[in-house]
Amino acid sequence: MKMDINGMTYAFEISGTGQPLLLLHGFTGSMETWRPFIKMWKEKFQVIIIDLPGHGQTDSPDDVSRYRMESTCFDLNVFLDRLGIENVYLLGYSMGGRVALSFTCLYPNRVKKLVFESSSPGLEGKLEREERVFSDEKLAKLIEEKGVEYFVHYWENIPLFQTQKTLPYHLRQKIRKERMGQNPRGLANSLRGMGTGTQPSWWHQLNKIQIPVQLIVGEKDSKFCRIGKRMESALPNAQYVEIENAGHAIHVEKSEIFGKIVMDFFMNKEGIH
Ligand SMILES: C=C(O[C@H]1C=C[C@H](C(=O)CCC(=O)O)[C@@H](C(=O)O)[C@@H]1O)C(=O)O
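Residues numbered from 1 in each chain as written. Predicted model: local features only at pLDDT ≥ 70, side-chain atom pairs only at ≥ 80, totals over all residues.

An unreviewed UniProt entry annotates the chain as Putative 2-succinyl-6-hydroxy-2,4-cyclohexadiene-1-carboxylate synthase of Fervidibacillus halotolerans. If you open the UniProt record of the chain and go to Function (unreviewed entry), you find "Catalyzes a proton abstraction reaction that results in 2,5-elimination of pyruvate from 2-succinyl-5-enolpyruvyl-6-hydroxy-3-cyclohexene-1-carboxylate (SEPHCHC) and the formation of 2-succinyl-6-hydroxy-2,4-cyclohexadiene-1-carboxylate (SHCHC)." A UniProt comment under Subunit (unreviewed entry) is attached to the chain, and it reads "Monomer." (UniProt positions renumbered as here; feature names shortened; annotations may be inferred.)

Structure representation (structure tokens):
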């Protein structure tokens with residue numbers, strides 16, 4: 001399905017009925033990220049998957065401002081209005097987690113529960129943000145100059161994804177196919193507009209988030225374990241789980257465990273407390 005929001009065409013799919021559950025993929029991903037989970041989750045929820053700006057079948061505009069966190073969250077708010085959805089359970093992975101947390105901070109009445117997989121509230125320090133913007137711009141230029149295939153080879157070999165090298169071939173091919181299908185302009189402008197250094201830091205807003213939050217990280221993903229533990233201390237109503245022998249993309253590396261944790265969390269009527 002497609003929806004035009006303020007001149008940007010978003011691709012999305014809806015399966016099942018009940019409490020809406022909105023799923024947000026990571027950088028280089030798409031709504032295909034969540035395909036393996038839809039059969040299970042649609043039994044209990046109205047599962048909504050969407051391609052974020054510059055990804056999948058959603059537009060990849062030249063205008064970098066359309067990728068900015070505030071703009072994307074504004075569009076997601078319009079998206080839910082158009083679907084007649086008052087509030088959602090929200091799950092975000094990595095970049096999608098940053099979008100999910102941003103949406104929770106900007107539109108708090110629209111999010112009832114949040115699952116936050118391998119992600120970050122942004123960077124607190126101005127210098128840290130500037131350095132990240134600089135490195136993401138270099139990466140954006142590499143994508144534009146060398147193309148998606150060259151970038152994907154680089155990307156799948158960064159230390160963060162070392163654990164994916166031991167995945168079965170079909171899973172590695174699935175991830176690679178999703179990445180290879182991306183638009184170079186979309187990836188480059190996503191880094192520029194929605195990059196970790198570009199978005200606002202939400203660290204000082206965490207203590208205001210009263211909804212139940214499930215933080216999920218891979219035991220081998222030390223950087224995001226540190227971030228997740230710090231977030232758990234700041235969030236009033238959060239639980240933190242480290243998945244044994246997993247890296248960054250737990251939903252791929254430990255999909256059965258991941259699917260159960262997510263289902264149990266969203267099915268728990270009482271919330272965390
Ligand atoms: C490498 C770092 O940052 C990137 C790592 C993960 C994020 C992501 O969405 C990757 C998804 C995937 O390829 O499976 C990405 C993001 O949040 O935009 C970051 O650029 C790092 O060390 O922070």
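A. Expanded view of the UniProt feature "domain: AB hydrolase-1" (unreviewed entry) in the chain. As recorded in UniProt, the feature "domain: AB hydrolase-1" (unreviewed entry) lies at residues 20–254. When the span residues 20–254 is considered, its composition is 43% helix and 15% strand, and the gap between its end C-alpha atoms is 24 Å. (Helix = DSSP H or I, 4+ residues; strand = E, 2+ residues; numbered from the N terminus.)

B. Seen up close, helix α5 (residues 148–155). The set of residues buried in α5 consists of Val148, Phe151 and Val152. The buried residues of α5 occupy one face: seen down the axis, they fall within an arc of 100°. The elements touched by buried residues of α5 are α4 (126–146), α6 (169–180) and α7 (184–194). (Buried ≥ 20, exposed ≤ 12 C-beta atoms within 10 Å, placed from the backbone. Arc of directions from axis to C-beta. Contact = placed C-beta atoms within 7 Å.)

C. Layout of the sheet that holds strand β3 (residues 19–24). Ordered in space as β1-β2-β4-β3-β5-β6-β7-β8, the 8 strands form an open sheet in which the pairing is mixed. With partners counted over all chains shown, the strands left at the sheet margins are β1 (2–5) and β8 (238–243), one partner each. Strand after strand, the sheet turns through a mean of 20° between neighbouring axes, direction not considered. The sheet contact formed by β3 and strand β4 (residues 45–50) spans 6 bridges and is parallel. Note on β4: the bridge partner recorded for leucine 24 is isoleucine 50. Helix α2 (residues 69–82) contacts β1, β2 (8–15) and β5 (88–93) of the sheet and is inclined by roughly 125° relative to β1. Lying on the sheet, helix α10 (residues 255–267) is in contact with β3, β4, β5, β6 (111–117), β7 (213–218) and β8; it crosses β6 at an angle near 160°. (Pairing = 2+ DSSP bridges. Axes fitted to C-alpha atoms, helices over the stretch in contact; angles between N-to-C directions.)

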